[in-house]
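# Structural overview for review
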Amino acid sequence: MSNQIITIRNIAQHVGAAVTIQGWLYAKTGKGKLQFLQLRDGTGIVQAVLFKPSLPEETFEAAKHLTQESSVIVQGTVKQSERAPGVPGGYEIEVTDLQVVQVAEEYPITPKEHGIEFLLENRHLWIRSRKQWALLRLRATVMRGLRDWLDKQGFLEMSTPILTPAAGEGTSTLFKVDYFGDQIYLAQTGQLYNEANIYSFGKVYCFGPTFRAEKSKTRRHMTEFWMLEPEIAFCDLEQLMQLEEQMMCALVQRCLEECAEELKVLERDRSVLERILPPFPRVSYDDAVVQVQKMQAETTDPEQKQLLQIEWGQDFGSPHETALTKQYDRPIFVYGFPTQCKAFYMEPWPNRPEVCKSVDMLAPEGYGEITGGSERISNTELLLKRIHEEQLPEEAFKWYIDLRRYGSVPHSGFGLGVERTVAWIAGIHHVRETNPFPRTLGRVYP
Ligand code: 4AD
Ligand code: MG
């Protein structure tokens, strides 16, 4: 095999050339002297055409007997295709040689409709399907886009521990781990460690898996999800919102530029994403509650009426966020949540201790919360008071309290959930399909 091995994504650069493509059979049709193979190589799909008279008998016969997902190495000439629109990408390969690597056994996932449980059970195979391929490529672009943007702004990536001695984000969703006889937990957040890191580096972020023993079986909740968490010294709540807004706009722009093919496969309306421009509306929690209460009062649907029930002081649930964000065409910031529904480390609102300097970014079209952040308490006594109020073990937070003793500064940060962000950009219903191997309340296989 002497031809250059190319990727389907770059096929346009090779028109007229003799090339080699290594991949798998996605679908096949044929009639008479012609066989059409839809080949995928991980970067895209292309049609390979075999014309009987110009090939050895056994090559043509081998192609005829290929099954879905068989692995092959194909040689041929790249042609601009007139057969479009049936031909993906507008190019095809006129095959001169075909090597079968393995003839696949009968593949369980066929073009017919399968139930979601079956697909999740076969996730190790399902990721090869076109829509899943597009989603997971989009995910990789989102992760790369976020990292690149922060790196350019002078942030330093810091690894934070997964095995942690204390709760970072509330005690009700901790996964326990037996650590040589001691009880410790899987990390719910890397934030507290990043609050130490800023005193060495100024602006940092961590990016990794986080764990929540969430009993919620909603389209937004996973038990293991990836979170990006920037943390910034000398930063207040308004500066934090500006940073988040800039980052999100740059990210959506990058996805529009780099994931045109993926967004097409996902049938995502690009114009919806093109509208994601600053500034994002800033809505106080007080006003957001009033908005939801108004929708609750006005709805004639009895189920909605019950779901949208909310009193000042309660955190928003999925139905509230859905209703609220359907009103907007770009993400909104909801800020100033009641202290009682947020974590212990959040700075109180000046002269209003029942409210804290917290902010959630809610994605439009009913998607809801994609980031959660706040200004942090920088005063030692205040932090101790909050730790005691929440009945957290002071001993485990000794190091964290220490940070307030040596050059404490106002500082802020937020966490962005990768799966929720990808689900919104992709325009899909459930977060589980945005993670290669999702972990949810009911599933840890495969
Ligand atoms: O709002 P959360 O709980 O904030 C924190 O953990 C902070 N310590 C972050 C920080 O300030 N550094 O979670 C942040 C984000 C949410 O907005 C959401 O996008 C995502 O993480 N998230 C989940 N995603 C999927 N499944 C779950 N169970 C999630 N819980 C939170
Ligand atoms: Mg939150």
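Residues numbered from 1 in each chain as written. Chains lettered and ligands numbered in written order. Predicted model: local features only at pLDDT ≥ 70, side-chain atom pairs only at ≥ 80, totals over all residues. Heavy atoms only, no water.

## Focus: a nonpolar patch on the surface
Note the cut-off: Patch construction takes residues with relative accessible area above 30% that form no salt bridge. Like charges are linked within 9 Å, and nonpolar side chains (Val, Leu, Ile, Met, Phe, Trp, Tyr) are linked within 5 Å. Here the Shrake-Rupley method, with its probe set to 1.4 Å, supplies the accessible areas, and only the displayed protein chains count as covering residues. Any carboxyl oxygen of Asp or Glu that lies within 4 Å of a side-chain nitrogen of Lys or Arg is treated as forming a salt bridge with it. In this description a helix means any DSSP run of H or I spanning at least four residues, a strand means any run of E spanning at least two, and both kinds are numbered starting from the N terminus.
Nonpolar side chains collect at one region of the surface, where Ile 162, Leu 163, Tyr 179 and Phe 180 lie side by side and expose about 440 Å² of accessible area between them. Considering the arrangement of structural elements, one finds Leu 163 in strand β8 (residues 163-164).

## Quick look at the packing of aromatic side chains
We count it as follows: Any two rings among Phe, Tyr and Trp, with Trp reduced to its six-membered ring, count as a pair given centres within 6.5 Å; such a pair is stacked if its planes are under 30 degrees apart, edge-to-face if over 60, and tilted if neither. For every residue, the accessible area obtained with a 1.4 Å probe (protein chains only) is divided by the maximum for its type, and the residue is called buried under 20%, exposed over 50%, and partly exposed between those limits. Here, over-ring charges are defined by two tests on the NZ atom of lysine or the CZ atom of arginine: distance to the ring centre within 6 Å, and angle to the ring normal within 35 degrees.
Applying the stated criterion across every chain, the model contains 14 aromatic pairs. When the ring of Tyr 193 is compared with that of Trp 399, the centres are 4.8 Å apart and the planes differ by 15°; the resulting orientation is stacked. With Tyr 193 in helix α5 (residues 191-201) and Trp 399 in helix α13 (residues 398-402), this residue pair connects regions lying 206 residues apart in the sequence. Residue classification places Tyr 193 among the partly exposed residues on the basis of a relative accessible area of 22%. Residue classification places Trp 399 among the partly exposed residues on the basis of a relative accessible area of 29%. An angle of 75° between the planes, with centres 5.5 Å apart, marks the rings of Phe 344 and Tyr 345 as edge-to-face. Feature note: the residues Tyr 193, Phe 344, Tyr 345, Phe 397, Trp 399 and Tyr 400 constitute an aromatic cluster, connected by ring pairs. In this structure, Arg 219 is placed above the aromatic ring of Tyr 367, and the distance from its NZ or CZ to the ring centre is 5.5 Å. It is Lys 342 that lies over the ring of Phe 337; its NZ or CZ is 4.2 Å from the centre.

## Examining the sheet that holds strand β10 (residues 182-186)
Across a sheet, strands are paired by hydrogen bonds formed along the backbone, either parallel or antiparallel in direction. Going by this rule: Any two strands with at least two DSSP-identified bridges between them are counted as paired.
The antiparallel open sheet is built from three strands, whose spatial order is β8-β10-β9. Two strands close off the open sheet at either side, each with one partner strand: β8 and β9 (176-179). Judged from the four bridges that link them, β9 and β10 form a sheet pairing that is antiparallel. In the strand pairing of β10, Val 177 is matched with Ile 184.

## Re the side chain of Gln 296
Put simply, the rule reads: Under this definition, polar contacts are N or O atom pairs within 3.5 Å; protein pairs additionally need one hydrogen-donor-capable and one acceptor-capable atom, and for neighbouring residues in sequence, both atoms have to be side-chain atoms. Working rule for contacts: check all heavy atoms of both residues, and any pair within 4.5 Å makes them a contact.
Topologically, Gln 296 is positioned in helix α9 (residues 285-298). Note on Gln 296: relative accessible area 16%, which makes it buried. Here Gln 309 takes part through its side chain, which lies 3.3 Å from a polar atom of the side chain of Gln 296. Each residue touching Gln 296, except ones within four places of it in the same chain, is listed here: Lys 305, Leu 308 and Gln 309.

## Some details on the state of the cysteines
Working definition of a disulfide: a covalent bond connecting the sulfur atoms of two cysteines. Test applied: By definition, disulfides here are pairs of cysteine sulfur atoms that lie within 2.5 Å.
On inspection of all chains with the given rule, the structure shows zero disulfides. Free cysteine: Cys 206, not disulfide-bonded; nearest cysteine sulfur from Cys 235 at 16 Å. Under the relative-accessibility criterion, Cys 206 is labelled buried at 4%.

## Focus on empty space enclosed by the protein
Rule in force here: Here a cavity denotes a set of grid points, spaced 1 Å apart and computed over the protein atoms alone, in which a 1.4 Å probe fits but from which it cannot get out, and a pocket denotes an open set meeting protein on both sides within 12 Å along at least five of seven lines; residues with an atom within 4 Å of a point are reported as lining. Grid points are joined across faces, edges and corners, and a volume is the space filled by probe spheres set on the points.
Applying the stated criterion to the full structure yields three cavities of 30 Å³ or more. Approximately 130 Å³ is the volume found for the largest cavity. Taken together, 15 residues make up the lining of the largest cavity; nearest its centre are Thr 164, Ala 166, Gly 168, Leu 192 and Tyr 193.

## Structural notes on the sheet that holds strand β17 (residues 358-363)
Defined as follows: Note on geometry: axes are C-alpha line fits, over the in-contact stretch for helices, and angles between N-to-C directions span 0 to 180 degrees.
Spatially, eight strands are ordered β7-β11-β12-β19-β18-β17-β14-β13 in an open sheet, and the strand pairing comes out mixed. This sheet does not close on itself; its edge strands, each paired only once, are β7 (156-157) and β13 (282-284). Bridging between β17 and strand β18 (residues 368-375) involves six bridges; their strand directions are antiparallel. Directly across from Ser 358, in β18, lies its bridge partner Ser 374. Taken strand by strand, α5 contacts β7, β11 (203-211), β12 (224-233) and β19 (411-417), and its axis lies near 35° from that of β12.

## Thoughts on the site of ligand 1
The test is simple: Only heavy atoms are used to decide nearness, and a residue is near a molecule or strand if one of them lies within 4 Å of it. Think of it this way: if more than half of a molecule's atoms are within 2 Å of a pocket's grid points, that molecule is in the pocket or cavity. Three classes are used, and their members are as follows: Ala, Val, Leu, Ile, Met, Phe, Trp, Tyr, Cys and Pro are nonpolar, Asp, Glu, Lys and Arg are charged, and the others, Gly among them, are polar.
Close to ligand 1 lie 23 residues, the nearest being Glu 169, Gln 191, Arg 212, Glu 229 and Glu 369. In this structure, Met 222 approaches ligand 1 through a main-chain N or O atom, which is 2.9 Å from a nitrogen atom. Separating an oxygen atom of ligand 1 from a backbone N or O atom of Gly 417 is a distance of 3.2 Å. Within the complex, the protein chains bury 95% of what would otherwise be the 620 Å² of accessible surface of ligand 1. Assessed atom by atom at 2 Å from the grid points, ligand 1 resides in the largest pocket. For the shell around ligand 1, the elements supplying multiple residues, two or more each, are β12, β18 and β19. Examining the composition of the shell around ligand 1, we find that five residues originate from one element, β18, more than from any other. Here the residues of the shell around ligand 1 sort into six nonpolar, nine polar and eight charged.

## Describing the layout of surface pockets
Quantified by volume, the largest pocket comes out at close to 1,200 Å³. In this structure, the largest pocket is lined by 46 residues; those nearest its centre are Glu 169, Arg 212, Glu 214, Asp 315 and Glu 369. Elements supplying a minimum of two residues to the lining of the largest pocket: β12, α11 (318-325), β18, β19 and α14 (418-426). Element by element, the count of residues in the lining of the largest pocket is highest for β18, at five residues. When its residues are assigned to classes, the lining of the largest pocket shows 14 nonpolar, 18 polar and 14 charged.

## Some points on the domain arrangement of the protein chain
Filter applied, for reference: Each domain's extent is set by a domain assignment, obtained either automatically or from a database. What counts as buried area is the accessible surface, traced by a 1.4 Å probe, that two parts surrender upon association, with contributions from both included.
Domain parsing of the protein chain yields domain 1 (4-102) and domain 2 (123-434). One C-alpha centre belongs to domain 1, the other to domain 2, and the line joining them spans 45 Å. In this assembly, eight residues from domain 1 lie in contact with seven residues from domain 2. Both faces considered, domain 1 and domain 2 share a buried interface measuring about 640 Å² in area, 40% of it formed by carbon and sulfur atoms. There are two salt bridges connecting domain 1 and domain 2.

## Quick word on the side chain of Glu 245
Positionally, Glu 245 belongs in helix α6 (residues 237-258). By relative accessible area, Glu 245 is classed as buried at 7%. Ignoring anything within four residues of it in the chain, the contact list for Glu 245 reads Pro 278, Pro 279, Phe 280, Arg 282, Phe 333 and Met 361.

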